[in-house]
Amino acid sequence: MTTQPGTGVPTGGEADGTDEVADLFRALGRQIRVARERAGLSQKELGDRLGYGEETISSVERARRTPQPELLLAVDRLLECGGLLASAAEDVERAKTRRRVRHPEWFRDYARLEQEAVELHDYSSLVLPGLLQTEAHANVVFRTHQPFLDEATVEQRVAARLDRQQIFDRWPPPFTTFTIEESVLRRPLGGWDVHREQLEALLRFGRLRSVELQVLPMERKEHPSLGGPFILLTPKGKTQVAYLEVQHISRLITDQDQVRILAARYGSIRAQAGGTSK
């Protein structure tokens with residue numbers, strides 16, 4: 001078992017790219033917006049035609065999310081940009097290698113493994129999984145952090161959290177399951193507008209072939225993981241590990257006996273969630 005003490009609530013990391021990379025992504029976001037508006041399409045309409053969520057289009061246009069080469073090529077073809085966006089695909093690939101995401105030391109090992117995951121299983125009992133959070137929801141999470149974070153740090157951490165969601169866009173995507181306590185879904189974090197947008201995003205995630213969502217009803221009187229949330233993760237070519245977070249402490253668990261115990265608990269939790277999958 002590896003124990004890594006942290007100095008704050010899990011963040012998903014801070015963007016640590018160069019100014020040049022940030023400028024490139026901002027410029028591409030503006031170009032996508034101009035081309036979209038010229039075609040008379042809303043962000044939702046463009047996303048629907050390309051197979052992306054409205055939030056993804058919005059985040060790319062505002063440079064909150066990396067404009068993936070596949071998206072640039074698709075927008076270029078659909079909106080007849082004459083190769084303007086397609087020609088930037090190679091620049092984005094090079095920029096991605098320069099733009100590293102800096103995570104707190106206690107989160108770094110897990111973040112690296114998450115990018116290599118072929119399977120990921122998440123039981124959440126207090127907050128929504130970071131991989132499923134909308135920009136607005138994540139913004140509220142980091143703004144309510146205590147001690148308070150400055151504006152620049154909040155923006156960096158929101159961007160880094162959204163960037164982690166790119167594992168859903170790669171091929172083949174990892175097989176992921178999320179089992180969420182009903183109480184988490186009932187808390188309107190950030191207000192009802194933010195909460196409604198978040199619930200709609202969960203529905204979109206649930207429609208992905210590689211994602212299974214389940215809700216553990218509050219009517220379940222007991223279950224085998226009252227000790228709190230955890231994540232099971234299998235990196236490509238490696239054995240399964242587990243990840244725990246509580247307050248300011250995180251643990252990456254590699255001991256296979258302990259991992260097997262958590263895996264058995266997760267199986268029981270999913271069985272108790274029963275027919276609440278997508």
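Our structure's up above, just so we're on the same page.
Because the structure is predicted, anything quoted here is derived from the model rather than measured.

Draft legend 1. Representation of the overall build of the protein in the model. If you tally the helices and strands in the protein, you get 11 helices and nine strands. The buried share of the protein, taken over its 278 residues, is 48%. Sequence-distant contacts in the protein: of pairs separated by 6 or more residues, those separated by 24 or more amount to 76%. Of the accessible surface of the protein, which amounts to about 14300 Å², a share of 51% is contributed by carbon and sulfur atoms.

Draft legend 2. Expanded view of the packing of aromatic side chains. This model, assessed by the stated rule, comprises four aromatic pairs. Both rings, one in Y110 and one in Y243, keep their centres 4.4 Å apart while their planes meet at 20°; by these two values the pair is stacked. With a gap of 133 residues between them, Y110 in helix 6 (residues 105-115) and Y243 in strand 8 (residues 241-246) connect regions that are remote in the sequence. Ring geometry for F230 against Y266: centres 6.2 Å apart, planes inclined by 75°, an arrangement best described as edge-to-face. Placement of the pair is F230 in strand 7 (residues 230-235) and Y266 in helix 11 (residues 256-273), with a sequence separation of 36 residues. In this pair, the class of F230 matches that of Y266, namely buried.

Draft legend 3. Representation of empty space enclosed by the protein. Going through the model one piece at a time under the given rule, you end up with two cavities of 30 Å³ or more. Taken as a whole, the second largest cavity encloses approximately 40 Å³ of empty space. If you trace the second largest cavity, you find it lined by Y52, T56, V60, R65, T66, Q68, L71, Q166 and D169. The class makeup of the residues in the lining of the second largest cavity is three nonpolar, four polar and two charged.

Draft legend 4. Region of the structure containing the side chain of S210. Position of S210 among the secondary structure elements: in the loop between helix 10 (192-206) and strand 6 (211-216). Not counting residues within four places of it along the chain, the set of residues in contact with S210 comprises P173, P174, F175 and T176.

Draft legend 5. Summary view of helix 2 (residues 43-50). Restricting attention to buried positions, one finds in helix 2 the residues L46, G47 and L50. Along the long axis of helix 2, the arc covered by the buried residues comes to 100°, so they all point the same way. Within helix 2, the exposed residues directed more than 90 degrees away from the buried face are D48 and R49. One or two steps after helix 2, the chain reaches G51, where phi turns positive at roughly 85°.

Draft legend 6. Highlighting helix 3 (residues 54-61). Counted residue by residue, helix 3 has seven buried out of eight residues, so it is predominantly covered. Among the residues of helix 3, E55, T56, I57, S58, S59, V60 and E61 are the ones counted as buried. Phi turns positive one or two residues past the end of helix 3, at A63, with a value near 65°.

Draft legend 7. Region of interest: the environment of V75. As for its position among the elements, V75 is in helix 4 (residues 69-78). Linking V75 and G47, residues 28 residues apart in sequence, is a C-alpha distance of 9.6 Å.

Draft legend 8. Main features of the pattern of salt bridges. For the coordinates displayed, the defined rule picks out 12 salt bridges. When the shortest N-O distance is used, the salt bridge between D48 and K44 registers 3.0 Å. Of this pair, D48 and K44 both sit in helix 2, four residues apart, which is roughly one turn of that helix. Of the residues examined, K44 reaches a relative accessible area of 43% and is grouped as partly exposed. Its salt-bridge partner being K238, residue E116 comes within 3.3 Å of it at the nearest N-O pair. On the criterion of sequence distance, the pair formed by E116 in the loop between helix 6 and strand 4 (117-124) and K238 in the loop between strand 7 and strand 8 is long-range, its members being 122 residues apart. Look at E116 and you get partly exposed, because its relative accessible area is 29%. Judged by its relative accessible area of 46%, K238 is partly exposed. Because the salt bridges share partners, they merge into one network encompassing R36, E37 and E61.

Each value, and the rule that gives it
Numbers given for residues are sequential positions, taken from 1 along each chain in its written order. For a predicted model such as this one, the threshold for reporting local features is a pLDDT of at least 70, and the threshold for listing and counting side-chain atom pairs is 80 or more; totals across whole chains, interfaces and linings nevertheless cover every residue. Values shown for side chains rest on all heavy atoms present in the structure; no hydrogens or waters enter the calculation. Only DSSP runs of H or I covering at least 4 residues are called helices, and only runs of E covering at least 2 are called strands; the numbering of each starts at the N terminus. A 1.4 Å probe rolled over the protein chains alone gives each residue an accessible area, and that area as a share of the maximum for its type sets the label: buried under 20%, exposed over 50%, partly exposed in between. We call two residues in contact when some of their heavy atoms are within 4.5 Å. Using a 1.4 Å probe, accessible areas were evaluated by the Shrake-Rupley method; residue-level cover was limited to the displayed protein chains. Aromatic contacts are taken between Phe, Tyr and Trp rings whose centres are within 6.5 Å, Trp giving its six-membered ring; a plane angle under 30 degrees counts as stacked, one over 60 as edge-to-face, and the others as tilted. A 1.4 Å probe that fits but cannot get out identifies a cavity on a 1 Å grid over protein atoms alone, an open set with protein on both sides within 12 Å along at least five of seven lines counts as a pocket, and a residue lines either if it has an atom within 4 Å of a point. Grid points are joined across faces, edges and corners, and a volume is the space filled by probe spheres set on the points. The classification used treats Ala, Val, Leu, Ile, Met, Phe, Trp, Tyr, Cys and Pro as nonpolar, Asp, Glu, Lys and Arg as charged, and all other residues, Gly among them, as polar. When we speak of the arc, we mean the arc of directions from the helix axis to the C-beta atoms. Any Lys or Arg side-chain nitrogen located within 4 Å of an Asp or Glu carboxyl oxygen qualifies as a salt bridge.

That is the geometry; function is a separate question.
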